[in-house]
Amino acid sequence: MDTNVVFMDETHIESEELSRAGALIKQGELVAFPTETVYGLGGDALQEDSARKIYAAKGRPSDNPLIIHIAKWEDIYYICRDVPKAAEKLADAFWPGPLTMILKKSDVVPFATTGGLDTVAVRLPGHAVARAFIEAAGGYVAAPSANVSGRPSPTLAKYVLEDMKGKIPLIIDGGEVGIGVESTIVDLTEETPVILRPGYITREMLENVLGEVTEDATMMESLKDVAPKAPGMKYRHYAPKGSLTIVAGDTEAVIKYINEACREAAGQGKRTGVLCTSETGSRYEADSVKCVGSRADESTVAQGLYKVLRECDEEELEVLFAESFDTEGIGQAIMNRLLKAAGHQVTQL
Ligand code: TXA
Ligand code: MG
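A quick note: this is a predicted structure, and the numbers were derived from the prediction, not measured.

About the thresholds
- Residues numbered from 1 in each chain as written.
- Chains lettered and ligands numbered in written order.
- Predicted model: local features only at pLDDT ≥ 70, side-chain atom pairs only at ≥ 80, totals over all residues.
- Heavy atoms only, no water.
- Helix = DSSP H or I, 4+ residues; strand = E, 2+ residues; numbered from the N terminus.
- Rg over C-alpha atoms; globule rule 2.2 N^0.38 Å.
- Buried < 20%, exposed > 50% of the residue type's maximum accessible area, 1.4 Å probe, protein only.
- Contact = heavy atoms within 4.5 Å.
- 1 Å grid on protein atoms, 1.4 Å probe; cavity = no way out; pocket = protein on both sides within 12 Å on 5 of 7 lines; lining within 4 Å.
- Points joined across faces, edges and corners; volume = space filled by probe spheres on them.
- Nonpolar A, V, L, I, M, F, W, Y, C, P; charged D, E, K, R; others polar.
- Pairing = 2+ DSSP bridges.
- Axes fitted to C-alpha atoms, helices over the stretch in contact; angles between N-to-C directions.
- Parallel < 35°, antiparallel > 145°, perpendicular 65-115°, else oblique.
- Left-handed = near helix turned anticlockwise from the far one by under 90°.
- Polar contact = N/O pair within 3.5 Å; in protein donor to acceptor, adjacent residues only side chain to side chain.
- Near = heavy atom within 4 Å.

1. Details of the overall build of the chain
Okay, so step 1: Per the secondary structure count, the chain includes 10 helices and 17 strands.
Okay, so step 2: Relative to a compact globule of 349 residues, whose C-alpha radius of gyration would be 20 Å, the chain shows 20 Å and is just as compact.
Okay, so step 3: Along the three orthogonal principal directions, the C-alpha set of the chain runs to about 60 × 50 × 40 Å.
Okay, so step 4: Every one of the 349 residues in the chain was classed for burial, and the buried ones make up 56%.
Okay, so step 5: Sequence-distant contacts, at least 24 apart, represent 69% of the contacts inside the chain between residues at least 6 apart.

2. A short note on the layout of surface pockets
Okay, so step 1: Empty space within the largest pocket amounts to approximately 640 Å³.
Okay, so step 2: Forming the boundary of the largest pocket are 44 residues, of which R60, P65, I67, I185 and R197 lie nearest the centre.
Okay, so step 3: Elements that contribute at least two residues to the lining of the largest pocket include exactly β4 (67-69), β7 (119-123), β10 (184-187) and β11 (194-197).
Okay, so step 4: Classifying every residue of the lining of the largest pocket gives 19 nonpolar, 16 polar and nine charged.

3. With respect to the sheet that holds strand β15 (residues 288-293)
Okay, so step 1: Judged by pairing direction, the sheet is parallel, and its five strands sit side by side in the order β15-β14-β16-β13-β17 without closing on themselves. Two strands lie at the open edges of the sheet, namely β15 and β17 (346-348), each paired on one side alone. Sheet twist, expressed as the mean angle between neighbouring strand axes with direction ignored, is 25 degrees.
Okay, so step 2: Packing of helix α9 (residues 299-314) onto the sheet brings it into contact with β13 (243-248), β14 (272-277), β15 and β16 (319-323), and relative to β15 it is tilted by some 155 degrees.
Okay, so step 3: Contacting β13, β14, β16 and β17, helix α10 (residues 331-341) crosses the sheet at an angle of about 135 degrees to β13.

4. A few points about unusual backbone geometry
Okay, so step 1: In this model, W95 is joined to P96 through a cis peptide bond whose omega is -10 degrees.
Okay, so step 2: Following the sequence through the fold, P96 ends up in the loop between α4 (85-94) and β6 (99-105).
Okay, so step 3: At E316, a position not held by glycine, the phi torsion is positive, near 50 degrees.
Okay, so step 4: Position of E316 relative to the elements: it lies in the loop between α9 and β16.
Okay, so step 5: Taking the relative accessible area as the measure of exposure, E316 reaches 60% and is therefore exposed.
Okay, so step 6: A positive phi angle is found at H344, which is not glycine, with a value near 60 degrees.

5. Section: the environment of D297
Okay, so step 1: Inspection of the secondary structure puts D297 in the loop between β15 and α9.
Okay, so step 2: The partly exposed category is assigned to D297, whose relative accessible area is 38%.

6. A look at the packing of α4 against helix α7 (residues 203-210)
Okay, so step 1: Following both chains from N to C, one finds α4 and α7 inclined at 125 degrees, their axes separated by 10 Å at the closest point. Regarding the angle of α4 to α7, the classification is oblique. The two elements α4 and α7 cross, and the hand of that crossing is right-handed. Across the interface between the two elements, A86, K89, L90, A93 and F94 of α4 pack against M205, L206, V209 and L210 of α7.
Okay, so step 2: Taken together, the residues of the contact of α4 with α7 sort by class into eight nonpolar, no polar and one charged.

7. Things to note about the environment of K89
Okay, so step 1: Structurally, K89 can be placed in helix α4.
Okay, so step 2: Taking the C-alpha atoms as reference, K89 lies 13 Å from V186; in sequence the two are 97 residues apart.
Okay, so step 3: Those residues in contact with K89 that sit more than four places away from it in its chain are V209 and L210.

8. What about the side chain of R123?
Okay, so step 1: Mapped onto the elements, R123 comes out in strand β7.
Okay, so step 2: Take R123: its relative accessible area is 2%, and that puts it in the buried class.
Okay, so step 3: Looking at R123, its side chain comes within polar contact range of the side chain of T37, at 3.1 Å.

9. Some thoughts on the pairing of β10
Okay, so step 1: Burial along β10 is two-sided: the face carrying T184 and V186 and the face carrying I185 and D187 are both buried.
Okay, so step 2: Strand direction decides the pairing type here: β10 and β11, joined by three bridges, are antiparallel. Bridged to I185 within β11 is R197.
Okay, so step 3: Here β10 hands over to β11 after six residues, the two strands then running antiparallel side by side.

10. Regarding the site of ligand 1
Okay, so step 1: Neighbouring ligand 1 are 29 residues, the closest being T37, N64, H69, S183 and G232.
Okay, so step 2: Interatomic distance of 2.6 Å between a side-chain N/O atom of H69 and an oxygen atom of ligand 1.
Okay, so step 3: Elements with a contribution of two residues or more to the shell around ligand 1: β4, β7 and β11.
Okay, so step 4: By residue class, the composition of the shell around ligand 1 is 16 nonpolar, eight polar and five charged.

So this is what it looks like as structure tokens:
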């Protein structure tokens, strides 16, 4: 199959191209599209076969449910039942935007889309191209991140092409995404809302709207014998091919430790890499020093993280070290992804 790429950003939405993309979805094909978080691999959420195609293209286990993307709030009532007041409040505050809500599913949603669950994940994205595409596709687009399972989520169309070339007919290229880590997931089917995956919308922001909100115990720690509530969170995501260690502690000590460890690894003939910030970038010596973003604005770190993790593989780096981040604000989402990438390997100085 040939994979076409069409460029479309928020200032340049082509209605003819969009209807073509929408028609592909209605025919049961897959189309990758930009959102404000990461690129999605879209299929018709109401067709079982589309869900199967998504799992096949990603090489993803079919017990890992998909998020249904909608373009209008009212559409939630078609795919969900017993929509609670909390969902309305969150939508008022954060939709369109990087928040996914887990609600009870209605009968129109096939179990193939929800991985056999009686609940469904719903998101109304903040990206104008995403919403226009969802409308053109009939209103209900199931979309996981558009990467092959186990690779970092794509933040640029070229990474979607790398992973999906020959497997899907069309990629809508909207340029680099703004946020760079996947949406916050909040489960509203429990008495107290539970965050299943941290993202740009933080616990504090949710609590300001809802009152008490809790967090899945497995979110920041790897707990033996406890399964995460979002089935997808149990897989070892975003793992670079090299071995990655997060080094935490006083900045000067971290720099010294990483430089020594890189020297030692280089002595054993290994290619070394450091994931750091623009504040410290000039202080490291390794085969490849990657400034992910700036500590002065951690949203830049979130935006650059997956790109840098992919580059580490492109450059075949074998021994990798990353600086650590505070878990305030977007820092929690950054650390959640970094910890997974590192298989929870942390050296605390
Ligand atoms: O930002 C995002 O959310 C991106 C863009 C494309 O919208 N999408 C995304 O999808 O990250 P995906 O499939 O990579 O991650 C979806 C996560 C998985 O961890 C999955 O297990 C969880 O959502 N999930 C989906 N439905 C669920 C449900 N009914 N109950 C619990 N977790 C659910
Ligand atoms: Mg994903």
